[in-house]
Amino acid sequence: MATNPYEVEHNIKDSSSARPHRRRPDMASFTSHLHQISTDDDDNNNNSAGRPTGAAGGGHHGHLGATPVDMAGLFRLVQDQMATLMATAPSDANHGFLESLVRALDADIDAPPERIHGVRQEYLDGLDRVSRKALKDDDNCPICAERYLDDPYPLVVELPCGGSHRFDLECVGPWLQSKGTCPMCRHDLTKKKVIEVPKADDDDEEEDDVDGLYG
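Values in this document were obtained by computation on a predicted structure and should not be read as measured data.

### Looking at the overall build of the chain
Thought 1: For the chain, the count of helices and strands is 9 helices and 3 strands.
Thought 2: Reading the chain from its N terminus to its C terminus gives the helix and strand order α-α-α-α-α-α-α-β-β-β-α-α.
Thought 3: Here the chain holds 215 residues, and the buried ones make up 41% of them.
Thought 4: Contacts in the chain between residues far apart in sequence, at least 24 positions, make up 70% of those at least 6 positions apart.
Thought 5: Total accessible area on the chain is roughly 12400 Å²; 48% of this is exposed by carbon and sulfur atoms.

### What to know about the nonpolar core
Nonpolar side chains in soluble globular proteins tend to be buried together.
Thought 1: One finds Leu127, Ile143, Leu159, Phe167 and Leu176 to be the most contacted residues of the largest nonpolar core, which totals 43 residues.
Thought 2: Sorting the residues of this core by element identifies helix H3 (28-37), helix H5 (68-87), helix H6 (92-110), helix H7 (121-125), strand E2 (156-158) and helix H8 (169-178) as the ones contributing at least two each.
Thought 3: No other element matches H5, which puts 7 residues into this core.
Thought 4: Residues in contact with Leu159, not counting those within four places in the same chain, are Leu127, His165, Phe167, Leu176, Cys182, Pro183 and Leu189.

### Some remarks on H6
Thought 1: Look at H6: 27 Å from first C-alpha to last across 19 residues, which is about the 27 Å you get at 1.5 Å a residue.
Thought 2: Residues of H6 that are buried: Asn94, Phe97, Leu98, Leu101, Val102, Leu105, Asp108 and Ile109. Down the axis, H6 shows its buried residues gathered within 140° of arc, on one side only. Residues of H6 that are exposed and point over 90 degrees away from its buried face: Asp92, Ala93, Arg103 and Asp110.

### Considering the sheet that holds strand E1 (residues 128-130)
Thought 1: Spatial strand order, E1-E2-E3: 3 strands in an open sheet with antiparallel pairing. Here the strands that pair on one side only, and so sit at the sheet edges, are E1 and strand E3 (166-168). Recorded for the sheet is a direction-independent mean angle of 40° between the axes of neighbouring strands.
Thought 2: With 3 bridges joining them, E2 and E3 adopt antiparallel strand pairing. Counted as the bridge partner of Glu158 is Arg166 from E3.
Thought 3: With respect to the sheet, H8 is in contact with E1, E2 and E3, its orientation differing from that of E3 by roughly 100°.

Definitions and cut-offs
Residues numbered from 1 in each chain as written. Predicted model: local features only at pLDDT ≥ 70, side-chain atom pairs only at ≥ 80, totals over all residues. Heavy atoms only, no water. Helix = DSSP H or I, 4+ residues; strand = E, 2+ residues; numbered from the N terminus. Buried < 20%, exposed > 50% of the residue type's maximum accessible area, 1.4 Å probe, protein only. Contact = heavy atoms within 4.5 Å. Areas by Shrake-Rupley, 256 points an atom, 1.4 Å probe, with all protein chains shown as cover. Core = buried A, V, L, I, M, F, W, Y, C linked by side-chain atoms within 4.5 Å. Expected span 1.5 Å × (residues − 1). Arc of directions from axis to C-beta. Pairing = 2+ DSSP bridges. Axes fitted to C-alpha atoms, helices over the stretch in contact; angles between N-to-C directions.

Now the structure itself:
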């Protein structure tokens, strides 16, 4: 049985007795399927296209011999889990949010992409963790709708999308690995941020040249 980020982070052997959250999606099948159809042989292509790899900023997954059916199956696994949570949503807001995720996955199932436009595991590992002290009593995960502080060991991440959007890592991981966007604002988390380097003024350059010739 595949381990999940929660169990690894907290060294939990038997999650059935240690995890109070019952609405977290069980994505062991997703993880197994993703590993079967993903490869790392497109790292050079990612870099040449301006897409970063590793923890710094996402990157696309390649696929070796993956058929459209395989690709659609990956998104179907995520959709099924979101639909299961939607069926028992504790509020209209949570139901509506999950329904939006289910609908967004329809396009990927009907017309599977050639590549998985999601982030890599290294990206998930590098996400900023939210400390327990920074969480309020009524803060909850938008996906599972359970309060973070009901968990003795909350594993909460804040996405670098500019909206301070927080999730249980276990809940948001499959969406990020398959879609590569923030589930709430749909900001593309695989895009590399361009850092502009200020250019030297022409006057400064001319002064440097003069100093070099006559100094």
